[in-house]
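Coordinate analysis (summary)
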Amino acid sequence: MRKLAPVLALAFILTGANCTASDFDSPVVKRWTKMEKNDKGEMKEVKYMTIDGIMVHEEDPTIQPQPPIVTPGPAPEGDVITAAPSDAIVLFDGTNLDQWTATDGTPTKWILKDGAMQPTSDSGYIQSKAEFGSCQLHVEFATPANVEGDGQGRGNSGVFLMGEYEVQVLDNYNNTTYPDGQCAALYGRMPPMVNACRKPGEWQSYDIIFHRPHFKDGRVTKRATFTVFHNGILVHDKVELTGGTGWEGGNSISEYVAHGDKGPLKFQDHGNPVSFRNVWIRELED
Ligand code: MG
């Protein structure tokens, strides 16, 4: 019993302490800024950031290797990939957008097309009216069959858990980009273990097990975790999300910003007509 006292005292100190991103042992994050000329010749402050010594959005494969390509098995023809189970909340079954709005609560400009939903020009993000925390999410998507652009400009969209944390959607079939921003990356934070993309125009799936982050006094005390299957292939195995996934320039990414226990599911309008269908969710215990 006597031996427990120092342990309990230490536990009290640890739980009583304020916890910041830097209170976690890993990763080691370094941030700095530099004044640089932009495209218009104006001097602007540019943010840089390394995570465990690797620059955010590092493109050099000798520093941040490209995830190996794994070819998934064929998707079932003429039907959804995984139909909703009996206890799922079906957010989109291909017939209407009743459960969705624009991010300001007004009607969405996304359109229904062949049983899928798709952004139109300048339609903005779409979000679910219902809000969720920890969950199992299934979503199917197809990047445009008509291939245009390259890098981040080809079939870019995104699946945002709680409206915040992006699992990237991108056409990375014969298209390379920085690994922490390729299809199925936790954007800016973690590349997928493998590149499991199907061809442009083919239906693909994400199955995501997400546990929400926890905050206390405005600071993160428990980070979010992601387990993600892309086309049935494991690409994130209970990965702890080390911070936010918001773009902060070419080499920096956002940190956690405290929020509530639930948030909407969002899909990104990145200017490419990426289609989504068969969206269902099962709420999980934290
Ligand atoms: Mg995106």
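For the structure itself, look to the data block above.
Residues numbered from 1 in each chain as written. Predicted model: local features only at pLDDT ≥ 70, side-chain atom pairs only at ≥ 80, totals over all residues.

**Focus on the overall build of the chain**
Within the chain, the regular secondary structure consists of one helix and 18 strands. The C-alpha atoms of the chain give a radius of gyration of 20 Å, which matches the 19 Å a tight globule of 286 residues would have. In terms of overall dimensions, the chain has a C-alpha envelope of 65 × 55 × 40 Å along the principal axes. Each of the 286 residues in the chain was classed as buried or not, and the buried ones make up 36%. Put simply, 63% of the contacts in the chain that link residues at least 6 apart link residues at least 24 apart. (Helix = DSSP H or I, 4+ residues; strand = E, 2+ residues; numbered from the N terminus. Rg over C-alpha atoms; globule rule 2.2 N^0.38 Å. Buried ≥ 20, exposed ≤ 12 C-beta atoms within 10 Å, placed from the backbone. Contact = placed C-beta atoms within 7 Å.)

**Some thoughts on the sheet that holds strand S1 (residues 29-37)**
Strand pairing in a sheet takes place through backbone hydrogen bonds and is either antiparallel or parallel in direction. In spatial order, the strands read S1-S2-S3; together these three strands make up an open sheet with antiparallel pairing. Whereas interior strands pair on both sides, the edge strands pair on one side only; in this sheet they are S1 and strand S3 (54-55). Summarising the sheet, S1 and strand S2 (residues 43-51) pair through nine bridges and their orientation is antiparallel. Bridging from a neighbouring strand, threonine 33 pairs with lysine 47 of S2. (Pairing = 2+ DSSP bridges.)

**With respect to the pairing of strand S9 (residues 135-142)**
Most of S9 is tucked away, with six of its eight residues classed as buried. Here S9 pairs with strand S18 (residues 275-283) via seven bridges, running antiparallel. Each bridged residue has a counterpart across the sheet, and for cysteine 135 the counterpart in S18 is glutamate 283. Across seven bridges, S9 lies against strand S12 (residues 204-211) in antiparallel orientation. By the bridge assignment for S12, histidine 138 is matched with aspartate 207.

**A word on the environment of glutamate 140**
Along the polypeptide, glutamate 140 turns up in strand S9. Taking the C-alpha atoms as reference points, glutamate 140 and asparagine 231, 91 residues apart in sequence, are found 9.1 Å from one another. Dropping the residues within four chain positions of it, glutamate 140 is found in contact with Val80, Ile81, Trp203, Gln204, Ser205, Phe276, Arg277 and Asn278.

**Remarks on the pairing of S12**
Buried residues dominate S12, accounting for six of its eight residues. Where S12 and strand S15 (residues 225-230) come together, six bridges link them in antiparallel fashion. Among the inter-strand pairings, isoleucine 208 is bridged to a residue of S15, identified as valine 228.

**Re the sheet that holds strand S10 (residues 157-161)**
Taken in spatial order, the five strands make up an open sheet running S5-S8-S17-S10-S11, and their pairing is antiparallel. Either end of the sheet is taken by a strand with one partner, and the two such strands are strand S5 (100-102) and strand S11 (165-169). Recorded for the sheet is a direction-independent mean angle of 30° between the axes of neighbouring strands. Two elements, S10 and S11, share five bridges in a ladder whose sense is antiparallel. Residue pairing in the sheet places leucine 161 in a bridge with tyrosine 165 of S11. (Axes fitted to C-alpha atoms, helices over the stretch in contact; angles between N-to-C directions.)

**Here we look at unusual backbone geometry**
Cis geometry marks the peptide bond from serine 26 to proline 27; its omega dihedral reads -5°. The residue proline 27 is located in the loop between helix H1 (4-16) and S1 in this model. Phi at histidine 57 is positive, roughly 65°, even though this residue is not glycine. Locating histidine 57 in the fold gives a position in the loop between S3 and strand S4 (89-92). With 21 C-beta atoms counted inside 10 Å, the residue histidine 57 sits in the buried group.

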